[in-house]
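The chain contents come next:
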Amino acid sequence: MKLTTFAWNVYDGQQDLESLDESQKETHIPKLPSLLEFFGYVFYFPAFLIGPSLTFTEYMALIDETLYKDAAPASPNSSKRVPIGRKRVAYQKLVFGISCIGFYALYGSTFNYTVTSADWWMTKPFWYRLLYTQIMGVVQRVRYYGAWSLTEGGCIFTGLGFNGFDKDGNALWDKAANINVMNIEFAPNVKVLLDNWNINTNTWLRNSVYKRLAPPGKKPGALVTMYTFMTSAIWHGIYPGYYLTFFLGGLISSAARQVRTYIRPFFLPALLPPKSKVLPPPTLVKRVYDILGTVACLGIINYMVAPFMLLELRPCIIAWNTLYWYGHVVVFGWLLWGQAGGFRWLGKLVKARAEKAASKEAMQVHVELEEREKKLASGMMTPGSSGGTLVVPPFDVAMKGMEEAGDAFKLSLARGGGHSKKA
């Protein structure tokens, strides 16, 4: 991973900066490093065996301390700019990692995908096997949480992983994170789960494979996604289980993208832009949709990873067969239905919903304008007043009216006084 990342970064360093995206501009290497710098990067000890992967520019920022350029010295008598809190976070990762490994040591053999080949497995009803599979998925993931937390703690201890400060001025040490456990176990959709699992490997696949396969100026399609997943399978090894898992993973990713495009809009405001990053507070219906999304997401993923754990072809087929291939039925059924015209039909419904909402909003604005015009015509509003709200006249108009009223009163008094003298 480091070598291919380094090669692409050197390649980007030879390109015109205008042709690079923001991440490529940050990681490009315009000048080859010395051998000492190169081998220091390749054999960076905390991440040597299982990651997290890092770029050469991140490594050099750690070495020359430009990683902490926005941080003040740790103490008045020190030139070191490493923010405080590093050791505390590293020890937390150590404790969490050891706890996860201990948990897996206790329950890993009981909740293991190998039970799908046991004689007692098929004597249980399908609902039991389905729920047991979900528990197996969680338990098997815990060992990865443990290993990656330990390596992340090691990186943080050396100073890597600094990610700026929060709003209260506390140092953040999450840039070397390879997992986000809460966003994995409670992911509302597949995209969120994959974005928070093996984060640095996903970054490597995105920057070294996914972006490189996409035609210049065009958005990568489903075929590029499949190539990326198969590259991940080849990188993991030659066992058939890897290829079964990542081939299905590519299809799941494509299916999940179609769900976000054609189903999710029905649970959001109709006039919300499709790619808006600022969402309104979720409604009750949206919360129910997210909960169902979490259940469906974990149900599919825990099914998908069975071959990844079993590796050999025969146990993989047996495992999926005992689960009645429910993951394949859902994913292939959704994609085939969509290709048969379902996606086109849903797209029309989404468009009609947005047009109806736009028409309703336009009608409401029209009614408000008519009411405003009526109030202006009747004198109940001044031209400068806001929509539908009655306001007092401007100060100069009010003062002029008071002066005119005062002059009229004085004139009436003067006339009254003249009449009394004559009398």
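Here, the structure is the one placed above.
Caption draft 1: How the structure looks around the packing of helix α10 (residues 222-236) against helix α11 (residues 240-262). Contact pair α10 / α11: the axes reach a minimum separation of 8 Å and the direction vectors enclose 150°. Comparing the axis directions of α10 and α11 gives the class roughly antiparallel. Considering the relative orientation of α10 and α11, their crossing is right-handed. Packed against α10, whose contacting residues are A222, T225, M226, F229, M230, S232, A233, I234 and H236, the element α11 presents Y242, Y243, F246, F247, G249, G250, L251, S253, S254 and R257 at the interface. Considering only residue class, the contact of α10 with α11 consists of 11 nonpolar, seven polar and one charged.

Caption draft 2: Quick look at the layout of surface pockets. Size it by volume and the second largest pocket reaches roughly 1200 Å³. As for the second largest pocket, its lining consists of 46 residues, of which E58, N163, K175, A176 and N200 are closest to the centre.

Caption draft 3: Broad picture of the environment of Y59. Within the secondary structure, Y59 sits in helix α4 (residues 56-63). Looking at Y59, the relative accessible area reads 10%, which means it is buried. In sequence terms Y59 and Y41 are 18 residues apart; their C-alpha atoms lie 6.3 Å from each other. When residues no more than four places from it in sequence are discounted, the contact partners of Y59 are E37, G40, Y41, Y44 and L54.

Caption draft 4: Focus on the side chain of T245. Here T245 shows up in helix α11. Sequence-distant contacts of T245, that is, excluding residues within four places in its chain, are made with M304, V305, P307 and F308.

Caption draft 5: Up close: the packing of helix α9 (residues 199-213) against α10. Where α9 meets α10, the closest approach of the two axes is 10 Å, and the angle between their N-to-C directions is 130°. Relative to α10, the element α9 lies oblique. Judged by the sense of rotation from one axis to the other, the crossing of α9 with α10 is right-handed. Judged by residue contacts, T201, W204, L205, V209, Y210 and L213 of α9 engage V224, T225, Y227, T228, T231, S232 and W235 from α10.

Caption draft 6: The pattern of salt bridges, seen in detail. With the rule as written, the count across this model stands at seven salt bridges. The salt bridge involving K25 is made with E22; its shortest N-O contact spans 3.8 Å. Linking K25 with E22, this pair stays in helix α2 (residues 22-27), spanning three residues, or about one helical turn. Of the charged contacts, one joins K93 and E152 as a salt bridge, the two residues approaching to 3.6 Å between their closest N and O atoms. Taken together, the residues span a long stretch of sequence, with K93 in helix α5 (residues 86-107) and E152 in helix α6 (residues 126-158) at a distance of 59 residues. Given the relative accessible area of 25%, K93 is considered partly exposed. On the basis of relative accessible area, E152 is assigned to the buried category, the value being 2%.

Cut-off values and rules
Residues numbered from 1 in each chain as written. Predicted model: local features only at pLDDT ≥ 70, side-chain atom pairs only at ≥ 80, totals over all residues. Heavy atoms only, no water. Axes fitted to C-alpha atoms, helices over the stretch in contact; angles between N-to-C directions. Helix = DSSP H or I, 4+ residues; strand = E, 2+ residues; numbered from the N terminus. Parallel < 35°, antiparallel > 145°, perpendicular 65-115°, else oblique. Left-handed = near helix turned anticlockwise from the far one by under 90°. Contact = heavy atoms within 4.5 Å. Nonpolar A, V, L, I, M, F, W, Y, C, P; charged D, E, K, R; others polar. 1 Å grid on protein atoms, 1.4 Å probe; cavity = no way out; pocket = protein on both sides within 12 Å on 5 of 7 lines; lining within 4 Å. Points joined across faces, edges and corners; volume = space filled by probe spheres on them. Buried < 20%, exposed > 50% of the residue type's maximum accessible area, 1.4 Å probe, protein only. Salt bridge = Lys/Arg side-chain N within 4 Å of Asp/Glu carboxyl O.

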